[in-house]
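Per-entry structural report
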Amino acid sequence: MRLPRRPRLLLPVAIALVAIVALFFLFSGIYTDYLWFDSVDYTSVFSGVLLTEIVLFLIGAVLMVGIVGGNMLLAYRTRPMFGPAVFGGGSGADRYRMALDPHRKLIFIVGMGVLALFAGSSAAGQWETWLEFVNGVPFGKTDPLFGMDHSFFMFDYPFIRMVLNFLFTAVIISIILAAITHYLYGGFRLQSPGVHASRAARVHLSVLLGVFVLLKAVAYWVDRFGLVFSDRGFVDGASYTDVNAVLPAKTILAIIALICAALFFAGVVRPGGMLPGVSFGLLVLSAVLIGGVYPALVEQFQVKPNQQLKEAAYIDRNIKATREAYGVDGTEIIQYSAESDPAKVKTDGDASVSGVRLLDPALVSSTFDQTQRIRGFYGFSDQLDVDRYKDASGKLVDHVVGVRELLGSQDGTANWINQALVYTHGYGIVAAPGNEVDPGGLPAYDAKDMPVTGPLVSSTGLKESRVYFGEHNSTEYVVVGGAPGKKPQELDYPETGGTGQKDTTYAGKGGVPVGSFVNRLVYAAKYGEKNILLSGDIDDYSKILYERNPRDRVQKVAPFLTLDGNPYPAIVDGRVTWIIDGYTTSNEYPYAQSESLGDMTRDTAVDRRVVAQQPQDRINYIRNSVKATVDAYDGTVTLYAWDDKDPILRTWSKAFPGIIQPVSKMSPDLLSHVRYPEDLFKVQRYTLSRYHITNAAAFYSNTDAWNVPSDPSQGNQSIKQPPYYLTTTMPVQDAKPSFSLTTTFVPRQGSANLAAFMAAGSTVGQDYGKLRILRMPSNTAIPGPGQAQNNFQNKFSGELGPLGLGNANVRYGNLLTLPYAGGLIYIEPVYVQTKAGTGQEPYPILRRVLVAFGNKVGSGDKLEDALAQVFSESQQTQPNQQQPQQSQPNQQASALAQAITTAQKAYQDAQNALKANPPNWEEYGKAQKRLDDALRALQGMGAQAPTTTTTPAPTGTPAPTPSSSPSSSPSPSSTPTGSASATPQGGT
């Protein structure tokens, strides 16, 4: 029964419509990508990558179809003239052939189309390998085994392996499909006894098998070079067994494979299956015996009984290569005779800790949020950033910095107009000196409010505070701008009076114009939003902003880079600018140790997801080759060649000429905010925990290996302590204070004492990139971070306990370590935070500074007070040792009663200050100080500090509203304090 004409026509029309729609969406994706790259002036990257992918796709598809399809056609054309009857009888193949034969052309075309799609896509996905191969530059270093330049292993070897894998795949598929074709059309039959094949089938398959074995011979030869990446030995790289057993075995197997290939080709002229059978058996037997058994015997009976001696030379190669590959070969290790007794040191004139930062970027984020977000649709990152700015005297001071970003419109107003046209950007940068707090324990902001005000604004010349591009964008895209004279509709910032808000219109050069019908149509298709096409608020001057995360923007214009997980904002040349570190990485550096990038960079900050997690890709080479910037207002992306000697960066600069600017183009203001990158530092400290050992025998014994200590604020969780940015002075000749990234090490085996302290300088022109390790003496016990934290909690649990009673929790800030007075000092801020669910907004307030030097610990409201407790000559007794009391019982009782009365009154004064409307933060701070003094007096009389809820203690502190927060008025005189920087939290 034939279908009516109209239904028969509907099917091709429907197929055509589906194809047109699919092609339109494909075109929209490609075209909008081009428009985005054009808007940031990186069209060369778009066209370069796209053209390379298209060429590789076509080459891969044509080669695969040519090889596989050609062999299928050859099998079909050489089928027996008389069909399956040539071998007598019928078989199941006849039924399959009869079913498939009428549709063979369609099946062949569809099959080859699918194969071309997969093969082309696979080839296109290797565009980076191809570009590195054709643009590779020499390293100028040769490997110790083959004497070949490292560029062969980094750029050429991966490409050769890619080509071999492609050819292997093509030949294997050809063998399978050619055999099926021969079988279906009678070329051979599986009959008893054995296989009966026509001459054409036998010749064809013999040639294909010969080609396969020939490729195997080439692969054996090429695999010899891959031994520099072997993980067979004690460390990565060619081991004793690889050099003395596997290397000659690969050479022998390559020769045997050539012989076997010749035997397969001989089957073309000599009938029978003897030669192919012999060659196949020889290949398998030699692969097992020579390639597998022989190296295993050498490893078991020669190497393992004498591994340290046999592997010494190869361990030495690995140490040198690994230190080069991770950029730690220039690390300066200083034998540091750290003093642990504060009574034996002199601190007069040592001001190296006077400006240490106490504000913890992880903890005070909520303080910034509650005191500076102004409205509920603004917010800050969960972990703030650390930078340095000059104070009024011109001295560089560590600052905690955050950007006030837009979280989105409020509930009930989350419609398309508000999300895409009104709530378009954040506003302002907020900063506070890290070594100062106001009398209430809050940050002493020097850049705050909306519009942004404060001393930092005038000193940096901040002119543009709007943040259209940031880490926490509320929507995927916004449509901004408009015709001149058009009434502004974008919310700029809240203001008093009138409509309650100040409006603005975007005037930046960034963004894609969406005034034309075509552009509106393709973006409506891209985002599935008809309002982009229909809205009357979009005119010829409108632009669409998307890909607004700074990290995503840099990754898109430089897909060959691995980016640091923590971009940070800075005021550069009067504008808020995001700075992102870019790395060139590889896993093909000969003899270097391969590790997971994600594992090496994992710490508390990563686990708390306040910085981006790196992929688990394995690497054995890394360089901080690029510094990138993104303008927070117009999204301009600029790449600077920070390490222009890096061969990988030079390779990519050849592939995409002109996209990376020389470092000389960086402004002095930008250079002053460059800092040593966190993820690189984490990788290097992970490497140096073992590779600080340069002697092969000592490396093998592993007795001097280190670990990065667990974060003491995380309790029993084995999570690495993150590195901390702070200004410190290293104990070396002519050392100056330098903004540095620091970490500590503890022994991998044995106690939790401090093994070493490491710092990387970040001051350009002074010590940028200089890695220094202070190695602790083996005969002196210096407490490690965990021990210092334990000493703090044991000593001051009574003093800090009352702070955490009622509706408040005690939270420990990050534990900082730095050189001081000939030893190592620990400094930790302690915060009090209201408990959740009390009707008050919880955020931490700085209440104490803890200091430890050796086993002596001190506590104070200010850093100076805590230092005085530790280094005072009068403090010669053990921390918990009590002095004999000479007072008469009645005098002692009177003094005790007086101290209790004072404590109760101070507590009540603090509560009254909190209940005031608005809360009187200055009076609250003074009352807290009197309460602290009274509690210390009680301890001095031999009384135990209260640790139960029956003792008066300040409850948590409510969050001030924007109108009543300390940030909304000039800050009182600030109190110098100490340092902090990570993610610690916890209570007593």
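Below is a summary of the structure that appears in this document.

Calculation criteria
Residues numbered from 1 in each chain as written. Predicted model: local features only at pLDDT ≥ 70, side-chain atom pairs only at ≥ 80, totals over all residues. Heavy atoms only, no water. Helix = DSSP H or I, 4+ residues; strand = E, 2+ residues; numbered from the N terminus. Buried < 20%, exposed > 50% of the residue type's maximum accessible area, 1.4 Å probe, protein only. Contact = heavy atoms within 4.5 Å. Areas by Shrake-Rupley, 256 points an atom, 1.4 Å probe, with all protein chains shown as cover. Patch = residues over 30% accessible without salt bridge, like charges linked within 9 Å, V, L, I, M, F, W, Y side chains within 5 Å. Salt bridge = Lys/Arg side-chain N within 4 Å of Asp/Glu carboxyl O. Pairing = 2+ DSSP bridges. Axes fitted to C-alpha atoms, helices over the stretch in contact; angles between N-to-C directions. Phe/Tyr/Trp six-rings, centres within 6.5 Å; stacked < 30°, edge-to-face > 60°. Lys NZ or Arg CZ within 6 Å of the ring centre and 35° of its normal. Core = buried A, V, L, I, M, F, W, Y, C linked by side-chain atoms within 4.5 Å.

With that settled, consider the overall build of the protein. Along the backbone of the protein there are 26 helices and 35 strands. Looking at the protein as a whole, 52% of its 988 residues are labelled buried. Put simply, 72% of the contacts in the protein that link residues at least 6 apart link residues at least 24 apart. Counting every atom, the protein has about 42,700 Å² of accessible surface; 56% of that belongs to carbon and sulfur.

Judged by side-chain polarity, Phe280, Val284, Leu285, Val288, Leu289, Val293, Leu297 and Phe301 come together as a nonpolar surface patch covering roughly 760 Å² of accessible area. One can find Leu285 in helix H9 (residues 274-303).

A word on helix H14 (residues 517-527). For H14, the complete set of buried residues consists of Asn519, Arg520, Val522, Tyr523, Ala524, Ala525 and Tyr527. Of the residues trailing H14, Gly528 is marked for its positive phi of about 60°.

In this section: the sheet that holds strand S9 (residues 429-433). What holds strands together in a sheet is hydrogen bonding between their backbones, with the strands either parallel or antiparallel. Here we have three strands laid out as an open sheet, ordered S5-S6-S9, and antiparallel in their pairing. Strands at the two margins of the open sheet, each flanked by one partner only, are strand S5 (385-390) and S9. With strand direction ignored, the average angle separating the axes of adjacent strands in the sheet is 40°. In the sheet, S5 pairs with strand S6 (residues 396-403) via six bridges, with the strands oriented antiparallel. Note that in S6 the partner of Arg388 across the bridge is Asp398. Lying on the sheet, helix H11 (residues 365-372) is in contact with S6 and S9; it crosses S9 at an angle near 120°.

Moving on, we get to the pairing of strand S23 (residues 637-641). With respect to burial, S23 is a largely interior element, five of its five residues being buried. Sheet topology places strand S22 (residues 621-631) next to S23; five bridges connect them, and they run antiparallel. Of the residues in S23, the one forming a bridge with Thr629 is Thr638. Counted along the chain from S22 to the antiparallel partner S23, the turn is five residues long, and its residue Gly635 has a positive phi close to 80°. Bridging between S23 and strand S24 (residues 660-662) involves three bridges; their strand directions are parallel. Residue Ala641 lies in a different strand from S24, and its bridge partner there is Pro662.

Before going further, it helps to examine the environment of Val356. If you trace the backbone, Val356 turns up in the loop between strand S3 (332-335) and H11. The spatial distance from the C-alpha of Val356 to the C-alpha of Asn435 is 5.8 Å, given a sequence separation of 79 residues.

What follows is about the environment of Val674. Looking at the secondary structure, you find Val674 in the loop between helix H20 (668-671) and helix H21 (678-691). Taking relative accessible area as the criterion, Val674 reaches 1% and is therefore assigned buried. For the pair formed by Val674 and Tyr768, sequence separation is 94 residues and the distance between their alpha carbons is 9.1 Å. Residues in contact with Val674, not counting those within four places in the same chain, are Arg388, Tyr568, Lys627, Trp642, Met666, Ser762, Val764 and Tyr768.

Turning our attention to the packing of aromatic side chains. One pass over the full model with this rule turns up 45 aromatic pairs. Between Tyr523 and Tyr527, the ring centres sit 6.5 Å apart and the planes meet at 15°, which makes this aromatic pair stacked. Taken together, the positions of Tyr523 and Tyr527, both in helix H14 and four residues apart, correspond to about one turn of that helix. Pair check on accessibility: Tyr523 and Tyr527 agree, each one buried. An aromatic cluster is present here, built from Phe146, Phe152, Phe153, Tyr157, Phe225 and Phe229 joined pairwise through their rings. The ring of Trp221 is capped by Arg224, whose NZ or CZ atom sits 3.8 Å from the centre of that ring. The ring of Tyr527 carries Lys526 above its face, with NZ or CZ at 5.6 Å from the centroid.

With that settled, consider the sheet that holds strand S16 (residues 543-546). Read from one edge of the open sheet, three strands run S12-S16-S15, paired in antiparallel fashion. Single-partner strands in this sheet number two, and they are strand S12 (477-480) and strand S15 (512-513). Judged from the four bridges that link them, S12 and S16 form a sheet pairing that is antiparallel. Note on S16: the bridge partner recorded for Val479 is Ile544. Strands in contact with H14 are S12, S15 and S16; relative to S16, the strand with the most contacts, it is inclined by about 30°.

Glancing now at the pattern of salt bridges. Overall, the coordinates contain 25 salt bridges when judged by the stated rule. In this structure, Glu547 engages Lys556 in a salt bridge whose closest nitrogen and oxygen atoms are separated by 3.6 Å. If you follow the salt bridges from partner to partner, you end up with Asp603, Asp679, Lys682 and Arg685 in one network.

With 116 residues, the main nonpolar core has Tyr42, Tyr477, Tyr523, Ile544, Val557, Leu639 and Phe656 as its most contacted residues. The contact partners of Tyr42, leaving out residues within four places of it in the chain, are Phe37, Val557, Val637, Thr638, Leu639 and Ile659. By size, the runner-up hydrophobic cluster in this structure holds 33 residues, among which are Val437, Tyr820, Leu863 and Ala866.

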